[in-house]
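Observations on the model geometry
These are the residues of each chain, in order.
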Amino acid sequence: MGKITLRNVQKRFGEAVVIPSLDLDIEDGEFVVFVGPSGCGKSTLLRLIAGLEDVSDGQILIDGRNATEMPPAKRGLAMVFQSYALYPHMTVRKNIAFPLKMAKMEQSEIDRRVENAARILNLTSYIDRRPGQLSGGQRQRVAIGRAIVREPAAFLFDEPLSNLDAALRVNMRLEITELHQSLQTTMIYVTHDQVEAMTMADKIVVLNAGRIEQVGSPLTLYRNPANLFVAGFIGSPK
Ligand code: ADP
Ligand code: MG
């Protein structure tokens, strides 16, 4: 399950109101993309959902449970960081197993999950290498593997491909879309790239200065942008 509901969520940093008040429903299994210009609050919103930041006001519900005060580890979500967050001294296998070791899971179950993730992500052939011996795309797969083994209710991605070159970005975009199709798990994906949003999302959330300008499918946003901001950002002919 991976239904996430935000009710009247507000975030302030000191005097600065970054998210004035935001309501959003994310359904179980949806691929939702948060898109908007730099500084509009995409990362902050994702970090609030992950529990890496506390809301200033409002509620976050995960599968109907009030998660507003829950620490990140209790929320059952997995944040996929950019690939440079891997441990350079550990093999791929150990990097992927790391969150399960921390959770003191039984070794046989760790092995089963790591092998399963390696198979899904096609990284079995380099499982005993260290990150320094891998390409950018391979490293990004390892970062995703580290999330998969936790069998989360939802995956949270914050611009995971921004370090990769253009060709690899297109490739990884397809891989993440395929991963979503095979796992059918909720994914929230942050990007400032309109093309990523339009090609990957079931549902796009267009953000501007901490407010939602529009929520809808790529086709809806393209055909019926709510206003000039959305039209300009998505590139539709309004
Ligand atoms: P985005 O990811 O869309 O580029 P962010 O969520 O990172 O935007 O930032 C939104 C706004 O909140 C920006 O104005 C940023 O400067 C501010 N902000 C983010 N994190 C902090 C923080 N820890 N302290 C103060 N201001 C912050
Ligand atoms: Mg950001």
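Residues numbered from 1 in each chain as written. Chains lettered and ligands numbered in written order. Predicted model: local features only at pLDDT ≥ 70, side-chain atom pairs only at ≥ 80, totals over all residues.

1. Here's the deal with the sheet that holds strand E9 (residues 203–208)
One open sheet accounts for 6 strands, arranged E6-E7-E8-E3-E9-E10; its pairing is mixed. Edge strands, defined here as strands with exactly one partner in the open sheet, are strand E6 (77–80) and strand E10 (211–216). Recorded for the sheet is a direction-independent mean angle of 20° between the axes of neighbouring strands. Alignment of strand E7 (residues 154–158) against strand E8 (residues 186–191), held across 5 bridges, turns out to be parallel. Bridge pairing in E8 places Leu156 opposite Ile188. (Pairing = 2+ DSSP bridges. Helix = DSSP H or I, 4+ residues; strand = E, 2+ residues; numbered from the N terminus. Axes fitted to C-alpha atoms, helices over the stretch in contact; angles between N-to-C directions.)

2. So, the confidence of the model for the protein chain
If pLDDT is low for a region, its predicted coordinates should not be looked at in detail. In the predicted model, the protein chain carries a mean pLDDT of 94, and 98% of its residues have values of at least 70. At the level of chain-chain contacts, confidence expressed as ipTM amounts to 0.98, with global pTM at 0.94. (pLDDT = per-residue confidence, 0-100.)

3. Here we look at helix H2 (residues 92–102)
Those residues of H2 not exposed but buried are Val92, Arg93, Asn95, Ile96, Ala97 and Leu100. Taken together, the buried residues of H2 touch helix H3 (107–120) and helix H4 (136–148). Downstream of H2 by a residue or two, Lys104 has a phi angle that is positive, lying close to 60°. (Buried ≥ 20, exposed ≤ 12 C-beta atoms within 10 Å, placed from the backbone. Contact = placed C-beta atoms within 7 Å.)

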